[in-house]
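# An overview of the molecular structure
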Amino acid sequence: MSLTSTMNERGTATISLPIEGMTCASCVGRVEAALAKVPGVGRVSVNLATERAEIRAAGSVDRIALVKAVEKVGYDVPAGTVELAVEGMTCASCVGRVERALAAVPGVAQATVNLATERATVRGVASVETLVAAIDKAGYSARPVDAAARTDEEAAEKKDAEQAALKRDLILASILALPVFAAEMGSHLIPGVHEWIMANIGMQASWYLQFVLTALVLAVPGRRFYQKGIPTLLRLAPDMNSLVAVGTAAAFGYSVVATFAPNMLPAGTVNVYYEAAAVIVALILLGRYLEALAKGRTSEAIKRLVGLQARHAHVLRDGRVVDILVAEVALDELVEVRPGERVPVDGEVTEGRSYVDESMITGEPVPVEKIAGSSVVGGTVNQQGSLRMRATAVGAQTMLAQIIRLVEQAQGSKLPIQAVVDKVTLWFVPAVMLAAALTFAAWFAFGPSPALSFAIVNAVAVLIIACPCAMGLATPTSIMVGTGRGAEMGVLFRKGEALQLLKDARVVALDKTGTLTEGRPVLTDLELAPGFDRTEVLAIVAAVESRSEHPIARAIVESATAGGIPLPTLADFESVTGMGVRATVDGIEVQVGADRYMRLLGMDVGVFADTAERLGSEGKSPLYAAIDGRLAAIIAVADPIKASTPAAIAALHRLGLKVAMITGDNQRTAQAIARRLGIDDVVAEVLPEGKVEAVRRLKAAHGRVAFIGDGINDAPALAEADVGMAIGTGTDVAVESADVVLMSGSLQGVPNAIALSKATIGNIKQNLFWAFAYNTALIPVAAGALYPAFGLLLSPVFAAGVMALSSVFVLGNALRLRQFKASLDKKGE
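Residues numbered from 1 in each chain as written. Predicted model: local features only at pLDDT ≥ 70, side-chain atom pairs only at ≥ 80, totals over all residues. Heavy atoms only, no water.

## Thoughts on the overall build of the protein
Counting its regular elements, the protein contains 31 helices and 30 strands. Counting every position in the protein, which comprises 829 residues, the buried fraction comes to 52%. For the protein, restricting intrachain contacts to residue pairs at least 6 apart in sequence, the fraction spanning at least 24 positions comes to 68%. (Helix = DSSP H or I, 4+ residues; strand = E, 2+ residues; numbered from the N terminus. Buried < 20%, exposed > 50% of the residue type's maximum accessible area, 1.4 Å probe, protein only. Contact = heavy atoms within 4.5 Å.)

Listed below in structure tokens is the structure:
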């Protein structure tokens, strides 16, 4: 957070404040002087290197006054982000209330609350203490979430304790409510029960028994609704608990009067509704319990990611290997990874050779060979061999920790579609209470006898059936499951908004180098003239090119060394400007260069005419080699297309999308690759600014654009596109500029991400339809709209059951996304 405060040993508060814009010592002096004038400030120390101000408070200090003082002298206090765990939220109206309370705090720029994760994300300069106090004042409780321990055992134990408490209350409420239900409803549903009760217990005694059991239900398992619902009602900010509290209290209160003071009621209205109050509590607790179980399952993607972290590491210290906790591994320490173990931290292999299963990061099931110099990622699984590695990233800096952080951020974000839901649900509960009051008044004034009984029962039914839990859970649960499934497929949504925008993409624009292609030149073609041996020719040409630093030369040398071909001795190396190179290899004259060099040497390259034409159509520039005065071979070096690219382009076309390539490479090469892959539009020979302009043109012509790139030069275009997608094996700058990160270098993640976006938004729309349709259709039914025509009324008990089932349906529907399999999801095949 931008503002943090601690207590020193003497109990004096110290406030730490980040400052931006300071450039010299005079800046420090100006900031210190400005802060010192704020009331309550004792001592100020500003550090130019760390760009922080440490303020020792002599009394009460207004943190916003500190921020304003800094801004007044021309510097900035950057907004920070804090996460709070919020307890006590039960429905969408709670979310709106907490958001409004946070937004009203001075210094808060943005506040987002998620019902499914029970988290509030606040951006601004307000202190954590102020934010927690605002939430407390709104009727809920909050505590800051430590980013490094968001999924620690304490949080898991708390969730388990909540589930256990709900289960205990549900069982108790069910045991107590069952006799009440049997005594009252059994009399109406089962012939002979009424007569048996009258003969053996008596109606009045039955009512006394129901009173005792229902009172116990409301006082023990049902107490939670009154503890939370009544205070919010008194603050004129009712929530779901208020609806349940008012509804059950009305049913119970009326029944108590009918039981102990029947003379107070009009003739013909003496009846009891204990079963409504008791069974409603049991059914809503059932819904809450099922919700708690389902919520736990929605966050399983995070739990699985956390479970991938190794617990211990074998570290080389003082000449011997010691086992320590992963959290204690220091940067640059040497770590041993034995066969079958998880790699504990990110690092670089210094010794050993093995294959590592990186499917948890890339989504690709084939293990990757690791040798000295290879990078390894914490959480991946070592296969057969042993490795020794140097730790290059530990703790929160490891790739796995960053992935967990990205997934959590995406799960806690809000989509544009949620804004509409928030506006509706904020006023929904008060509107329901008004509807219940109108229902009561209408039945009491115009209903049949006993009007009072009808009025109470129908008003209670309206209160109970309209709880907006399903509305509040419709969007965040789908986001949680969808982004979690994406992480398992190697697709990381850095921003939840990308989930909604990606499904509307009309054009997918791609960079060429490193995105469509491997990003490094390799020897692709070597055709020989009659009488020459491939190994011998490659060895001689590679020996000549070993003196050159040109990427084409390096590709030829790498091809030879990768094939285990020893390079012969080289002498008299010479570069012939604009033509090629020449050298003497083991006493033999060798020339390597373009066709014009061969013609200068008097050689006929026509023997390779067909091959040269083919290479040219593929966008490759051929080289020729002459050995001992004879034309020996035609050679081509190119940046090869990734094996996964053709299938990915075909999948994008099947999704009805246009595919464009935007590259800085030459037009001829770009057009050749476009023809091979069936790319619809090509923009070549452009600088980074040109890529941005190309993205804008595509937007204007077709609509939403998703751009995929991997390099620093792609960062502006990634930011300009509606959705920027970065290849995870690319540069950090590109990844930071993107909305979606494809953890593997494969383009298969692009159609997978788009298909997942469509599936997730479709799932959200299904949830919202169910939630809104349920409330829209059943509130009039609960109010008695069907009674005049059909004589049908909705029992409050049935209303409670349906209300609970609506939330469970929404959660269950969201969980279906866990089974999502895209056409190119290799893991799922």
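## Details of a negative patch on the surface
A cluster of like negative charges, contributed by Glu20, Glu51, Glu71 and Asp76, occupies part of the molecular surface. Relative to the elements of secondary structure, glutamate 20 occurs in the loop between β2 (13–18) and α1 (25–36). Residue classification places glutamate 20 among the partly exposed residues on the basis of a relative accessible area of 40%. (Patch = residues over 30% accessible without salt bridge, like charges linked within 9 Å, V, L, I, M, F, W, Y side chains within 5 Å. Areas by Shrake-Rupley, 256 points an atom, 1.4 Å probe, with all protein chains shown as cover. Salt bridge = Lys/Arg side-chain N within 4 Å of Asp/Glu carboxyl O. Lys, Arg positive; Asp, Glu negative; His and termini not counted. Charge placed at Lys NZ, Arg CZ, Asp CG, Glu CD.)

## Some details on the sheet that holds strand β14 (residues 368–370)
With antiparallel pairing, 3 strands are arranged side by side in an open sheet as β14-β13-β16. Taken across any chain shown, the strands that pair with only one partner, and hence form the sheet edges, are β14 and β16 (381–382). Of the strand pairs in this sheet, strand β13 (residues 354–357) and β14 are connected by 3 bridges, and their pairing is antiparallel. Of the residues in β14, the one forming a bridge with tyrosine 355 is glutamate 369. (Pairing = 2+ DSSP bridges.)

## What to know about the pattern of salt bridges
According to the stated counting rule, one finds 21 salt bridges in the structure shown. Note that arginine 485 is salt-bridged to glutamate 488, the shortest N-O span being 3.3 Å. With arginine 485 and glutamate 488 both in helix α17 (residues 469–488), this residue pair falls 3 residues apart, about one helical turn. Exposure remark for arginine 485: the relative accessible area of 10% places this residue in the buried category. On the accessibility criterion, glutamate 488 (21% relative accessible area) is partly exposed.

## Things to note about unusual backbone geometry
Cis geometry is adopted by the peptide bond preceding proline 450, which originates at serine 449 and carries an omega value of -5 degrees. If you trace the backbone, proline 450 turns up in the loop between α15 (428–446) and α16 (451–465). Non-glycine residue aspartate 318 carries a positive phi angle of around 55 degrees. Of note, aspartate 318 is situated in the loop between β9 (312–317) and β10 (320–325). With a relative accessible area of 81%, aspartate 318 lands in the exposed category.

## Overview of the environment of alanine 555
With respect to the element layout, alanine 555 can be found in helix α21 (residues 551–562). A relative accessible area of 4% places alanine 555 in the buried class. Residues alanine 555 and valine 637, 82 residues apart in the sequence, show an inter-C-alpha distance of 7.1 Å. Residues contacting alanine 555, with those up to four places away along its chain left out, are Pro521, Val522, Leu523 and Val637.

## Examining the sheet that holds strand β28 (residues 705–709)
Spatially, 7 strands are ordered β18-β30-β29-β28-β19-β26-β27 in an open sheet, and the strand pairing comes out mixed. Edge positions in the open sheet fall to β18 (491–493) and β27 (681–683), since each of these has one partner strand only. The average undirected angle you get between the axes of adjacent strands in this sheet is 20 degrees. The pairing of strand β26 (residues 658–662) with β27 spans 3 bridges and is classified as parallel. Paired with alanine 660 across the bridge in β27 is aspartate 681. Against the sheet, helix α25 (residues 667–677) engages β26 and β27, with an angle of about 160 degrees to β27. (Axes fitted to C-alpha atoms, helices over the stretch in contact; angles between N-to-C directions.)

## Topic: the UniProt feature "transmembrane region" (unreviewed entry) in the protein
According to UniProt, the feature "transmembrane region" (unreviewed entry) maps to residues 170–190, 196–220, 241–260, 272–290, 424–446, 452–475, 768–790 and 796–817 in the numbering used here. Across residues 272–290 one finds 89% helix and 0% strand; the C-alpha atoms that close the span lie 30 Å apart. (UniProt positions renumbered as here; feature names shortened; annotations may be inferred.)

## Concerning the packing of aromatic side chains
Summed over all chains, the structure comprises 12 aromatic pairs. On the basis of an interplanar angle of 40 degrees and a centroid distance of 5.9 Å, the ring pair of tyrosine 254 and tyrosine 273 is categorised as tilted. Taken together, the residues tyrosine 254 in helix α9 (residues 240–260) and tyrosine 273 in the loop between α9 and α10 (274–298) connect sequence positions 19 residues apart. Judged by its relative accessible area of 5%, tyrosine 254 is buried. By way of ring pairs, the aromatic residues Tyr208, Phe211, Phe252, Phe260 and Tyr274 are connected into one cluster. (Phe/Tyr/Trp six-rings, centres within 6.5 Å; stacked < 30°, edge-to-face > 60°.)

## Comments concerning the environment of alanine 694
Mapping alanine 694 onto the fold places it in helix α26 (residues 688–702). The spacing of alanine 694 and methionine 661 is 33 residues in sequence and 9.8 Å in space, taken between C-alpha atoms. If we skip the residues at most four places from it in the chain, alanine 694 touches Ile662 and Val683.

## Observations concerning helix α23 (residues 609–617)
The set of residues buried in α23 consists of Thr611, Leu615 and Gly616. Taken down its axis, α23 places every buried residue within 135 degrees of arc, on the same side. Seen from the open side of α23, the exposed residues pointing more than 90 degrees away from its buried face are Asp610 and Glu613. One or two positions beyond α23, positive phi appears at glycine 619, with a value near 80 degrees. (Arc of directions from axis to C-beta.)

## Topic: a nonpolar patch on the surface
A grouping of Leu172, Val212, Leu216 and Val220 is seen on the molecular surface, where their side chains present a nonpolar patch of about 280 Å² in accessible area. Secondary-structure assignment places valine 220 in the loop between α7 (203–219) and α8 (223–234).

## Looking at the side chain of serine 255
By the secondary structure assignment, serine 255 is in helix α9. One polar contact links the side chain of serine 255 to the main-chain carbonyl oxygen of alanine 251, over a distance of 2.7 Å. Not counting residues within four places of it along the chain, the set of residues in contact with serine 255 comprises Asn271, Val272, Tyr273 and Tyr274. (Polar contact = N/O pair within 3.5 Å; in protein donor to acceptor, adjacent residues only side chain to side chain.)

## Section: the packing of helix α24 (residues 645–654) against helix α29 (residues 749–783)
Taken N-terminus to C-terminus, the directions of α24 and α29 make an angle of 30 degrees; their axes are 8 Å apart at the nearest point. Taken together, the axes of α24 and α29 lie roughly parallel to each other. Across the interface between the two elements, Ala648, Ala651 and Leu652 of α24 pack against Val750, Pro751 and Ile754 of α29. Here the contact of α24 with α29 is composed, by residue class, of 6 nonpolar, no polar and no charged. (Parallel < 35°, antiparallel > 145°, perpendicular 65-115°, else oblique. Nonpolar A, V, L, I, M, F, W, Y, C, P; charged D, E, K, R; others polar.)

## Quick notes on the packing of α8 against α9
Their axes nearest at 7 Å, the elements α8 and α9 cross at an angle of 105 degrees. Here α8 is positioned roughly perpendicular relative to α9, judged by the angle of their axes. Contacts from Phe225, Tyr226, Lys228, Gly229, Ile230, Thr232 and Leu233 of α8 reach α9 at Asn241, Ser242, Val244, Ala245, Val246, Thr248 and Ala249. Within the contact of α8 with α9, the residues separate by chemical class into 8 nonpolar, 5 polar and 1 charged.

## A look at the side chain of glutamine 500
Tracing the sequence through the fold places glutamine 500 in helix α18 (residues 497–502). Since its relative accessible area comes to 15%, glutamine 500 is described here as buried.

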